[in-house]
Amino acid sequence: QVQLVESGGGLVQPGGSLRLSCAASGSIFRFNTMGWYRQAPGKQREFVAQITNGGSTNYADSVKGRFALSRDNAKNTVYLQMNSLKPEDTAVYYCNAGVTTNPLLGALNLYWGQGTQVTVSS
């Protein structure tokens, strides 16, 4: 069974930094993609960042230049380094892993962690 466990959230001042971690129950190479989504109170869950098995990364426009995704294959862990944090970054952040189920349709099985709270406030 796939298990994803997030950690590293907390309260930080505007302009500060946090590093989120997502530890998987096994090798991350079995996932085609891994990344992060976030959901603020009263808002829809939105894409933040992703990395493919081959190492290609993609970021939402709102976080480009401030957030960076990385991975430690030996620890089966992906990280989200968040710098220059803004109050609008406040949300629950969810780790995500995707496995392709039907290449012809582009279908993907998605797995989720339980989330970690990030609050940016003075």
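Attention here is on the structure that accompanies the text. (Residues numbered from 1 in each chain as written. Predicted model: local features only at pLDDT ≥ 70, side-chain atom pairs only at ≥ 80, totals over all residues. Heavy atoms only, no water.)

1. A look at the overall build of the protein chain
Counting secondary structure elements, the protein chain contains zero helices and 11 strands. Taking 122 residues into account, the globule formula puts the C-alpha radius of gyration at 14 Å, and the protein chain, at 14 Å, falls close to it. Projected onto its principal axes, the C-alpha coordinates of the protein chain cover approximately 45 × 30 × 25 Å. Looking at the protein chain alone, contacts between residues at least 24 apart form 55% of all its contacts between residues at least 6 apart. For the protein chain, the accessible surface area stands at approximately 6500 Å², while carbon and sulfur atoms represent 47% of it. (Helix = DSSP H or I, 4+ residues; strand = E, 2+ residues; numbered from the N terminus. Rg over C-alpha atoms; globule rule 2.2 N^0.38 Å. Contact = heavy atoms within 4.5 Å. Areas by Shrake-Rupley, 256 points an atom, 1.4 Å probe, with all protein chains shown as cover.)

2. Examining a nonpolar patch on the surface
The grouping of Leu108, Leu110 and Trp112 at the surface amounts to a nonpolar patch, some 260 Å² of accessible area in total. For tryptophan 112, the position within the fold is in strand β10 (residues 107-112). (Patch = residues over 30% accessible without salt bridge, like charges linked within 9 Å, V, L, I, M, F, W, Y side chains within 5 Å. Salt bridge = Lys/Arg side-chain N within 4 Å of Asp/Glu carboxyl O.)

3. With respect to the packing of aromatic side chains
Within this structure, the stated rule accounts for two aromatic pairs. Here tyrosine 37 and phenylalanine 47 contribute two aromatic rings whose centre-to-centre distance is 5.7 Å and whose plane-to-plane angle is 80°, an arrangement assigned as edge-to-face. Of this pair, tyrosine 37 sits in strand β4 (residues 33-39) while phenylalanine 47 sits in strand β5 (residues 46-52), and the two are 10 residues apart along the sequence. Residue class for phenylalanine 47 comes out partly exposed when judged on its relative accessible area of 24%. With centroids separated by 5.1 Å and ring planes inclined at 75°, the aromatic side chains of tyrosine 37 and tryptophan 112 adopt a geometry described as edge-to-face. Note that tyrosine 37 is positioned in strand β4 and tryptophan 112 in strand β10, a separation of 75 residues in sequence. Through a chain of ring-to-ring contacts, three or more aromatic side chains come together here, namely Tyr37, Phe47 and Trp112. When the ring centre of tyrosine 79 is taken as reference, the NZ or CZ atom of arginine 19 above it lies at 4.3 Å. Lying across the ring of tryptophan 112, arginine 45 places its NZ or CZ 4.7 Å from the centre. (Phe/Tyr/Trp six-rings, centres within 6.5 Å; stacked < 30°, edge-to-face > 60°. Buried < 20%, exposed > 50% of the residue type's maximum accessible area, 1.4 Å probe, protein only. Lys NZ or Arg CZ within 6 Å of the ring centre and 35° of its normal.)

4. Digging into the sheet that holds strand β8 (residues 77-82)
Read across the open sheet, the four strands follow the order β1-β3-β8-β7; overall the sheet is antiparallel. Sheet topology places β1 (4-7) and β7 (67-72) at the edges, where each strand pairs with a single neighbour. Across the sheet, the mean angle from the axis of one strand to that of its neighbour is 20°, orientation sign disregarded. In this structure, strand β3 (residues 18-24) lies alongside β8, joined through six bridges in antiparallel fashion. In the strand pairing of β8, cysteine 22 is matched with valine 78. (Pairing = 2+ DSSP bridges. Axes fitted to C-alpha atoms, helices over the stretch in contact; angles between N-to-C directions.)

Shape is all these values report; function is a separate question.
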